[in-house]
Amino acid sequence: MKKVLITGIGMLCANGNGKEAAWANIKAGKSGIGRIFQFDASRCTSQVAGEVKDFDAYAIGSGLLDKKAARHMARFSQFAVASAVEAWKDAGFTDENKPDMDRVATLFGVGIGGIEVTGENYKILFDKGPDRVSPLAVPELIPNEAAGNVSIALGAKGPCQVVVTACASSTDALGVALDMIRAGRADVVVAGGAEACVTEFVVGGFMKEKALATKFNDTPEKACRPFNADRDGFVIGEGAAVLILESEEHAKARGARVYAELAGYGATSDAYHITAPDPSGAGAVKAIEIALKDAGVADKSTVDYINAHGTSTRLNDQMETKAFKTVFGEEGAKKINVSSTKSMHGHLLGATGALEAAITALAVKEGFVPPTINYEKPDLEIDATKGEVPLDLNYTPNVGVKRDIRVALSSSLGFGGHNSILVFKKAISC
């Protein structure tokens with residue numbers, strides 16, 4: 001089976017604009033979560049988010065995307081192109097040194113798309129009528145425009161697709177990209193996710209589900225508290241991340257720098273509930289087992305790090321911990337460093353898997369486990385009638401640690417019962 005290598009990374013999130021800034025702050029345990037600034041959140045019970053700051057849409061691309069093109073993109077598409085261009089350059093590709101563009105695919109995961117465009121044009125519709133709706137409303141808001149705009153910006157002429165599986169979207173996109181290279185359908189895949197849904201409509205919807213953190217509006221950096229006893233919900237975030245994936249043969253032929261090997265992928269459905277995970281964790285367990293088998297990881301003790309979905313909700317954190325204990329055993333699971341970087345960047349919905357995959361690849365490359373911040377009180381109380389387990393794993397509390405990471409997992413779980421897992425292995429540069 002072909003090996004698939006990660007040779008470029010682009011990141012844009014609340015922790016920083018660009019890979020270097022974002023990764024430095026995540027390593028340092030610095031929260032990017034703050035009071036919402038994109039709209040007046042005074043009517044909302046949750047008033048915090050992990051928003052991208054000081055983003056200049058017209059500066060993205062450095063010649064690959066002009067101002068006119070950026071002006072006609074929704075925010076999530078702008079994020080997608082910015083991260084894709086960074087990843088493309090990070091992989092060492094230039095106009096003079098680029099692959100066969102007919103063999104370059106584009107795959108993105110997007111959960112919602114240009115929701116702000118939808119809102120703006122509904123207001124125009126109600127106030128002024130349908131003939132005043134923007135002719136670009138539909139091309140800007142549909143989720144596939146992330147991949148489409150990236151393909152146009154880079155000139156990538158291979159398959160161009162978007163996966164929509166809620167919060168597992170971009171993890172699934174990376175899994176599809178992995179299989180595409182293995183099948184020989186592409187030499188290079190520009191794969192990732194993008195989301196920009198910090199709007200009053202989306203916040204209001206999650207708020208009414210009682211899914212969002214509400215107790216820390218005055219101390220927003222403390223709002224996302226995965227695995228902590230006093231967690232009270234997730235914090236919405238936005239941004240994008242892109243990984244350049246290449247077959248080992250293609251990367252070796254050009255002497256590419258390698259971050260890690262994307263070695264395995266597993267996905268299942270709970271077939272249980274539209275929003276709540278199966279509390280037994282059976283679907284997540286099966287997805288992890290499938291991913292490990294796909295990656296050829298027979299010895300589970302070689303798994304040193306898990307970037308957990310870790311949403312800071314009672315249902316997720318409980319189920320996910322149970323799943324890890326089931327797969328690795330009670331004692332084996334405690335030897336693994338687990339962390340939820342959502343504690344710092346928030347939950348990027350459809351883009352969260354790509355961002356966490358990028359973070360995991362950097363963790364493997366540098367031998368450094370980023371922390372779960374705001375971990376102050378372990379949640380050890382359980383309801384035996386619900387089959388709960390103590391949340392007593394090594395969640396890498398508050399401070400990151402150096403550790404040689406042989407194998408790592410990244411976990412994404414989404415509304416609809418989606419369970420998606422990626423496996424990363426340490427790799428040697430070509």
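Reading guide: rules and limits
- Residues numbered from 1 in each chain as written.
- Predicted model: local features only at pLDDT ≥ 70, side-chain atom pairs only at ≥ 80, totals over all residues.
- Heavy atoms only, no water.
- Helix = DSSP H or I, 4+ residues; strand = E, 2+ residues; numbered from the N terminus.
- Rg over C-alpha atoms; globule rule 2.2 N^0.38 Å.
- Buried < 20%, exposed > 50% of the residue type's maximum accessible area, 1.4 Å probe, protein only.
- Contact = heavy atoms within 4.5 Å.
- Areas by Shrake-Rupley, 256 points an atom, 1.4 Å probe, with all protein chains shown as cover.
- Lys, Arg positive; Asp, Glu negative; His and termini not counted.
- Charge placed at Lys NZ, Arg CZ, Asp CG, Glu CD.
- Disulfide = S-S within 2.5 Å.

Enquirer: Is there a simple way to think about the overall build of the protein in this case?
Expert: Along the protein, the regular secondary structure elements total 14 helices and 15 strands. Relative to the compact-globule value of 22 Å for 430 residues, the protein shows a C-alpha radius of gyration of 20 Å, a close match. Considered along the principal axes of its C-alpha atoms, the protein spans approximately 60 × 55 × 40 Å. For the protein, the proportion of its 430 residues judged to be buried stands at 61%. In the protein, once contacts between residues fewer than 6 apart in sequence are set aside, the share between residues at least 24 apart is 80%. Only carbon and sulfur atoms are counted for the fraction: they give 54% of the accessible area of the protein, which is about 16500 Å². If you average the places of the 47 positive and of the 52 negative side-chain charges in the protein, the two averages end up 2 Å apart.

Enquirer: Whenever I open this one, the environment of Val-203 confuses me. Can you help?
Expert: Considering the arrangement of structural elements, one finds Val-203 in helix α8 (residues 200-208). Overall, the relative accessible area of 2% leaves Val-203 in the buried class. For the pair Val-203 and Gly-310, spaced 107 residues apart in sequence, the C-alpha to C-alpha distance is 19 Å.

Enquirer: Help me out: how do you make sense of the state of the cysteines in this one?
Expert: By definition, a disulfide links the sulfur atoms of two cysteine residues through a covalent bond. One pass over the full model with this rule turns up zero disulfides. The thiol of Cys-44 is unpaired, and the distance to the nearest cysteine sulfur, on Cys-197, comes to 14 Å. Take Cys-197: it sits in no disulfide, and the sulfur closest to it among the cysteines is that of Cys-167, at 10 Å. Residue Cys-197 is classed as buried on the basis of its relative accessible area of 0%.

Enquirer: Looking at this structure, how should I read helix α6 (residues 145-154)?
Expert: Counting along an α-helix, one turn takes 3.6 residues, and residues three or four places apart therefore face a common direction. Most of α6 is tucked away: nine of the 10 residues are buried. If you check which residues of α6 are buried, you get Glu-145, Ala-146, Ala-147, Gly-148, Asn-149, Val-150, Ser-151, Ala-153 and Leu-154. Where α6 is buried, its residues touch α3 (75-90), β5 (104-109), α5 (137-141), β6 (160-163) and β7 (188-195). Directly beyond the C-terminal end of α6, a positive phi value near 80 degrees is found at Gly-155.

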